[in-house]
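# Commentary on secondary and tertiary structure
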Amino acid sequence: MSSTGSILVKDQKRGRKVHPFERSESKVVEFVENLPNDEDELENQRLGRNELKRRANELLRVRKTFPVHQNKEEIMKYIRENQVAILIGETGSGKSTQIPQFVLDDLYASGTRGAIAVTQPRRVAAINLATRVAQEYGCNVGEQVGYSVRFDNATSSKTRLKYLTDGMLLRELMMHRDLKEYSVVVIDEAHERTVLTDLILGFLKSLIDGPRPDLKIIVMSATLQAEKFSSFFHNAPILFVEGRKFSVDQYYLGHACEDVVDSMVRCCCQINQGEQMGDILCFLPGQEEIDKAVAIMNKIAPCIADTTAVPLMVALPLYAALPPAQQALVFSPVKGFKRKIVFSTNIAETSVTISGVKFVIDSGLRKVKVWRHQLGLATLLTVPISRASAMQRTGRAGRESEGKCFRLYREADYNQLPQQTEPEIARSDVTSPVLMLKRYDIDDIVNWTWFENPGKEALVLALQQLYELQALDDAGKITSRGKQMALLPLPPQMSSVLIHAHEIKCLSPAIDIVACLSVDNFLLNPPPELRDEVNERRLALCSAGKKHGDLIMMKELFDFASQINTPRERLEWCKQLCVSHRAYKNIAKIKQQLTNYCKHLFKQEQDELTLDTNTNITRVIKCFLSGFAKNTAIRMPDRSYRTVLTGEPISIHPSSLLFLNTHCPAIMYTEYVFTAKGYARNVTRLELTWLQEIAGLGAVAKQTITSNE
DNA sequence: GAGCACTGC
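What counts and what doesn't
Residues numbered from 1 in each chain as written. Chains lettered and ligands numbered in written order. Predicted model: local features only at pLDDT ≥ 70, side-chain atom pairs only at ≥ 80, totals over all residues. Heavy atoms only, no water. UniProt positions renumbered as here; feature names shortened; annotations may be inferred. Helix = DSSP H or I, 4+ residues; strand = E, 2+ residues; numbered from the N terminus. Buried < 20%, exposed > 50% of the residue type's maximum accessible area, 1.4 Å probe, protein only. Contact = heavy atoms within 4.5 Å. Areas by Shrake-Rupley, 256 points an atom, 1.4 Å probe, with all protein chains shown as cover. Pairing = 2+ DSSP bridges. Near = heavy atom within 4 Å. Polar contact = N/O pair within 3.5 Å; in protein donor to acceptor, adjacent residues only side chain to side chain. Axes fitted to C-alpha atoms, helices over the stretch in contact; angles between N-to-C directions. 1 Å grid on protein atoms, 1.4 Å probe; cavity = no way out; pocket = protein on both sides within 12 Å on 5 of 7 lines; lining within 4 Å. Points joined across faces, edges and corners; volume = space filled by probe spheres on them. Nonpolar A, V, L, I, M, F, W, Y, C, P; charged D, E, K, R; others polar. Salt bridge = Lys/Arg side-chain N within 4 Å of Asp/Glu carboxyl O.

- For chain A, the name recorded in an unreviewed UniProt entry is RNA helicase, with Torulaspora globosa as its organism.
- According to its UniProt record, chain A has this under Catalytic activity (unreviewed entry): "ATP + H2O = ADP + phosphate + H(+)".

Encoded structure:
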């Protein structure tokens, strides 16, 4: 047992109050809530007209209880009379399901042509909303009401109300630049400020000020930022819609928190001892803290339950990298005299909803990836959350009844937090967005209608990167190569790899590897006790990967998995090699999609090159080098690596197959992240001569290479 | 010899 654990048990036995919380002076929070989700109703079967109508009538009673329904006429008056309307409503208001239906009725009533698009940041949300609204509307999904997300399109010529991811709407913007198909576009969850929603807002503004003066826009957001949306759209009117509210009391820590995991475990014990039944949701910044908290909890909980008459605490982790089966555990209720405690990352803040939660404990921290444009490097930082985020986390305690939120920081700390989370676009690589704008023939990128301008430095470096990838010409206009890159559903570097692969006739293996790199966590981290064993197995299986590195190994593993006939055997094989089966299936889908795009793009049948010989492997690696020339490093005499571009020290990430291999003269990597130090991920071995062949590399880099030979 | 939050085409 860890020392933290034993101290805690002692404290519990003495019955000492371990956590000096103070009752907050501040106002009770009004929290937000998602729509109830009838799992049974999510079935995908086609129903007859009468049955559909009957069900829709049943649902109408429920719909009429929504606050938006009671204010329907007033809301619709605003929407009819204004080209742009900003709708602020908490998530229990039913705005995402009801408003689009009101608008649809209006379209039919007024005989207006065109459809309604409702964007969502996430795929599941788009699918669930469309399914729900189709039922309310009394049709099957894909008829009048449908959805469109990557790999799944449920729309038809009948569809007038379409829920789609914002990535999908951007794609439609690239293809049909005026969005002629739509008379109304609704941007939902705009407050989340994803890069893609921000881009859509910019495009919509240029549309209504230009070729689409008739287009109606509704921006829907949960609380705050209303003025920013309003002033962006020429002071559009703002409407507030009430949500369903349960109160959540907030408590703060009386002193600064020293060890967040320790404090959180103590707080759980205190709730377990002193509060009524109800599950606890704990927000921690990352996997490391979560695994630690779960381990401590599961050690001490049985002792505490044995010695005192309190519920047995059952601790469960939740983060995106967790296998689906383990993720599913947090959704099933615990039976008996037990209390479920979920330790989660930000995933439970917006993406995932757990029922039964009555208490929230908030560490006030999150992990954030910040892009350093100059270095072409991502840093991963643990930072304090914003006040908006704290409110959102708090709201998770009161979805079903009144709840309590314990914040592991002082009220004074809370008051110092920034109002809003910094929008993603301000800390991201904007190469891909800039390529989109260029594809849209925007000449002046810096003065475009940005909802949030990412800044001149970011834009200039993105333009430079695109120029180096030959997506732009000397005049800064998009080239035909750039147009091809913009069409592929990939980051520009990866698109560049595929175009080059086509040129030197090794498209098929390149697609496989790009597909592997497009999913997260194809290779899982083996648990420490199995690590050596799994590594051995992988190395034994992947002879080419052993020599050339991670990219080639992924290709080998993907090929092996594809050759297995039954899903059951494949699942077992994945387990043996600690490979994600879910990721494998996604790779197969992406491979299919990329293959289709390439056939269309290059107007040819798939080539037949395989990865049999060494020359082909070299060729494939050189394709990647064409997209990732900047992501290379050279081995120094002391065996460390330094980046070719800036001479920064860089280490091969321990998750790489080449981690132990000290014999690479040079390396290429698809990702450069800074945590404790600079790490190269997805590493491939290079020969120095290959680096010298790269035209785009600067003279300094070449000098380094030569002097090192 | 270390350990990456989340999402999208």
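## Side note on the overall build of chain A
- Check the secondary structure of chain A and you find 28 helices and 23 strands.
- Within chain A, the fraction of its 709 residues that count as buried is 54%.
- When contacts within chain A are restricted to residue pairs at least 6 apart in sequence, those whose partners lie at least 24 apart make up 73%.
- Summing over all exposed atoms, chain A offers an accessible surface of approximately 31,800 Å²; the carbon and sulfur share of this is 50%.

## So, the pairing of strand β10 (residues 238-241)
- The two faces of β10 differ: Leu239 and Val241 on one face are buried, but Ile238 and Phe240 on the other face are not.
- Bridging between strand β3 (residues 84-89) and β10 involves 4 bridges; their strand directions are parallel. Considered in β10, the bridge of isoleucine 86 is made with isoleucine 238.

## Focus: the protein's contact with DNA strand B
- The full set close to DNA strand B counts 33 residues, and Arg171, Ala320, Leu380, Arg531 and Tyr679 are the nearest of them.
- The sugar and phosphate moieties of DNA strand B supply 65% of its atoms located within 4 Å of the protein.
- Here a phosphate oxygen of DNA strand B sits 2.7 Å away from a polar atom, N or O, in the main chain of arginine 150.
- A distance of 3.0 Å separates a phosphate oxygen of DNA strand B from a polar side-chain atom of threonine 165.
- Where the surface near DNA strand B is concerned, the elements lending two or more residues are α7 (166-175), β16 (365-372), β22 (666-674) and β23 (678-686).

## Let's talk about the environment of valine 314
- Relative to the helices and strands, valine 314 resides in strand β13 (residues 312-318).
- Under the relative-accessibility criterion, valine 314 is labelled partly exposed at 21%.
- In sequence terms valine 314 and arginine 339 are 25 residues apart; their C-alpha atoms lie 6.0 Å from each other.
- Ignoring sequence-local partners within four residues, the contact set of valine 314 consists of Asn298, Val334, Lys338, Arg339, Lys340 and Ile341.

## Regarding the sheet that holds strand β6 (residues 152-154)
- Taken in spatial order, the 8 strands of this open sheet run β6-β5-β7-β4-β8-β9-β3-β10, and their pairing is mixed. A strand with exactly one partner marks an edge of an open sheet, and here the two such strands are β6 and β10. Here the strands of the sheet are splayed against their neighbours by 20° on average, with no regard to which way each runs.

## What about the layout of surface pockets?
- For the second largest pocket, the calculated volume is near 210 Å³.
- In terms of lining residues, the second largest pocket is bounded by Ala256, Cys257, Val260, Ser363, Gly364, Leu365, Pro384, Leu408, Tyr409, Asp413 and Leu417.
- The class makeup of the residues in the lining of the second largest pocket is 8 nonpolar, 2 polar and 1 charged.

## Focus: the pattern of salt bridges
- Counted by the stated rule, this structure contains 33 salt bridges.
- Among the ionic pairs, arginine 63 bridges to glutamate 136, the shortest N-O distance being 3.3 Å. Of this pair, arginine 63 sits in helix α2 (residues 49-63) while glutamate 136 sits in helix α6 (residues 123-137); the two residues are 73 residues apart in sequence, bridging distant segments of the chain. Across the pair, glutamate 136 and arginine 63 agree in class, each one buried.
- Note that aspartate 413 and arginine 410 form a salt bridge whose closest N and O atoms lie 3.2 Å from each other.
- Take aspartate 413: its relative accessible area is 26%, and that puts it in the partly exposed class.

## With respect to the side chain of threonine 431
- When you line up the elements, threonine 431 lands in helix α16 (residues 431-439).
- Contacts of threonine 431, omitting those with residues within four sequence positions, involve Ala462, Gln465, Leu466 and Pro492.

## Describing unusual backbone geometry
- Its identity as a non-glycine residue notwithstanding, glutamine 470 has a phi of 65°, on the positive side.
- If you trace the backbone, glutamine 470 turns up in the loop between α17 (456-468) and α18 (480-487).
- Phi is positive for asparagine 682, close to 55°, though the residue is something other than glycine.
- Following the sequence through the fold, asparagine 682 ends up in strand β23.

## Side note on the environment of valine 514
- By the secondary structure assignment, valine 514 is in helix α20 (residues 507-518).
- Its relative accessible area of 0% is what places valine 514 among the buried residues.
- Linking valine 514 and lysine 555, residues 41 residues apart in sequence, is a C-alpha distance of 9.3 Å.
- In this structure, valine 514 is in contact with Leu490, Met494, Val497, Leu498, Leu594 and Phe624, ignoring residues within four places of it in sequence.

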